[in-house]
Each structure stands twice: as C-alpha cells, then as structure tokens.
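Each chain, letter by letter, is given below.
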Amino acid sequence: QPGTLNQAIKDIEARVDKEMDGSIHSIWLLAECWSHWTPEPQGPPVSIHARLGCFITKYDFVMFNCDQIQRIPLNFVDRITYGAFNFPKHSLLRREGEGLRIFWDRLREPSFTSRWNPFTTDFPYMTFTYHPVRDISDTFASICDIHKFREQLKDAALKVHALKPIPGKANGILVLNQSIQIEAYVGLMSFIGNQNKLGYCMARGNIGY
C-alpha cells in the first residue's frame, strides 16, 4: 500500500541509537533465505549504518510492526559471496535466481543441532535474495538491488575495519563470486510455503498474514 515502506523506515529509525551506531546510510528491501531449510520469511528491510552497525529487521508490513531486529557490527563482517543457489546432488529442492550471503565469523561453523533446527538464529551468516516487489516500480527496483547493496556493504565494512579493528583477527573483507550452497534435501513444508509465499506478510482476501 502507498506509504507502507515509509512507515516501516520510520519505525526502524526509531529503534536505532544514533549516538552509538551513527546515522542511517542506506536502507534496502531484500528477502531472507534460510540456508538450511529454505523457507522464506517476510522480506526484511536491511539498513547499513555509516559508523558501526548493519541492522537486519523483520518487519510486518500488514500490521506495521517490527517483529525482530538483529545488529551485526560491520567490523565483524569478513566475507560476502554472491552467485546462483546450489543444492546437494540428491536434493529434491530447487531455487532459481541468485543470492547474497554475508558472513561475520569465518572461524565458527554451525553446530549439528543448529543445522537441524529450522528456527535457529545462531548461524554465523545470513543469505538474501531479491524481494518479489522489485518489479513493481523503479523505486522498488533500486532498493531491492542486491549488486548495489553488496558494494555499499563492502565499502561500509572496510571503513569500519580500518576505524575499529578487532585485536587478534585478520581485518579485511573478502568479496567472492561463487555459488551459494543450500544444505537442504527434502523440505516439503518449505516448498509449499515458498510456492504460496506464506512467509510474507500479505493481504490474502479479507485476511492479512
């Protein structure tokens, strides 16, 4: 609806401590892909902050509510990969298109329990793809542009790495063009949910969810 995105931006800005994180540098609208079970949650606006943090938020565009917000220090971001999605050889799942994965702890691998928990939040990376609304208008196409988001994230992270290096850690960021591995094999509920866009907050007849 008209004005929905502007309202979401205002709600997110109100949750940011500008003294600690600096002013908002840019805001993006992307769709998050869960890398091991692949259901798509609603698209999170992603805001890059000029000084220290990248905030990833889960916003309900129907109820105008910020359900979740995650802060990733930009000096923790150490790798960005971009490419087509790749599934195991015998996987029944497929995903077209390309995505972007942000890593912020290259030394830590997800635990076995995390890999089998579809609701886990302790993965050291997040995966994004284009939001379905990007073809609506030029405005949406601009804020859903993964290529521009990747470049701005890289530049912002490099600046923060230089300003606030982490002791004992090799400071810098790798930007790689390579396929994004999705470790999922069956995922029937994910397939049904993604086909019907059940992870997005949308008006469906007289009901919005």
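The protein chain appears in an unreviewed UniProt entry as Tumor protein p63 regulated 1 from Tetraodon nigroviridis. According to UniProt, the comment filed for the protein chain under the heading Sequence similarities (unreviewed entry) is "Belongs to the TPRG1 family."

Draft legend 1. Representation of the packing of aromatic side chains within the structure. Per the stated rule, a full pass over the model turns up 3 aromatic pairs. Against the face of Tyr130 rests Arg134, its NZ or CZ located 3.9 Å from the ring centre.

Draft legend 2. Representation of the environment of Ile182. For Ile182, the position within the fold is in the loop between β9 (180-181) and α6 (188-195). Sequence-wise, Ile182 and Phe85 are 97 residues apart; in three dimensions their C-alpha atoms are separated by 6.8 Å.

Draft legend 3. Structural view of the nonpolar core. Ranked by internal contacts, the top residues of the largest apolar core, which has 25 residues, are Val46, Leu74, Val77, Ile102 and Phe149. Those elements that place two or more of their residues in this core are β1 (24-33), β2 (45-49), β3 (53-60), β5 (79-86), β6 (98-103), β7 (125-130) and α5 (146-163). Residue contributions to this core peak at 6 residues, all from α5. With residues up to four places along the chain from it excluded, the contact list for Ile102 reads Val77, Arg79, Pro124, Tyr125, Met126, Phe128, Phe149 and Leu153. Listed in part, the 8 residues of the second largest apolar core include Leu5, Tyr59, Ile143 and Cys144.

Draft legend 4. Fine view of the environment of Leu174. Tracing the sequence through the fold places Leu174 in strand β8 (residues 174-177). For the pair Leu174 and Thr81, spaced 93 residues apart in sequence, the C-alpha to C-alpha distance is 8.1 Å.

Draft legend 5. Inspection of helix α1 (residues 4-13) at higher detail. Listing the buried residues of α1 in full gives Thr4, Leu5, Ala8 and Ile12. Buried residues along α1 cover an arc of 95° about the axis, so they all sit on one side. Looking at the buried side of α1, the elements it contacts are β2, β3 and α4 (138-143).

Draft legend 6. Seen up close, the pattern of salt bridges. Under the counting rule described, the total for this entry stands at 2 salt bridges. Residues joined in a network through salt bridges with shared partners are Arg150, Glu151 and Lys154.

Draft legend 7. Seen up close, the environment of Met126. One can find Met126 in strand β7. The sequence separation of Met126 and Ile102 amounts to 24 residues, and the corresponding C-alpha distance is 5.4 Å. Sequence-distant contacts of Met126, defined by excluding residues within four places in its chain, comprise Glu32, Ile56, Gln70, Leu100, Arg101, Ile102 and Trp104.

Cut-offs used in this document
Residues numbered from 1 in each chain as written. Predicted model: local features only at pLDDT ≥ 70, side-chain atom pairs only at ≥ 80, totals over all residues. Heavy atoms only, no water. UniProt positions renumbered as here; feature names shortened; annotations may be inferred. Phe/Tyr/Trp six-rings, centres within 6.5 Å; stacked < 30°, edge-to-face > 60°. Lys NZ or Arg CZ within 6 Å of the ring centre and 35° of its normal. Helix = DSSP H or I, 4+ residues; strand = E, 2+ residues; numbered from the N terminus. Core = buried A, V, L, I, M, F, W, Y, C linked by side-chain atoms within 4.5 Å. Buried < 20%, exposed > 50% of the residue type's maximum accessible area, 1.4 Å probe, protein only. Contact = heavy atoms within 4.5 Å. Arc of directions from axis to C-beta. Salt bridge = Lys/Arg side-chain N within 4 Å of Asp/Glu carboxyl O.

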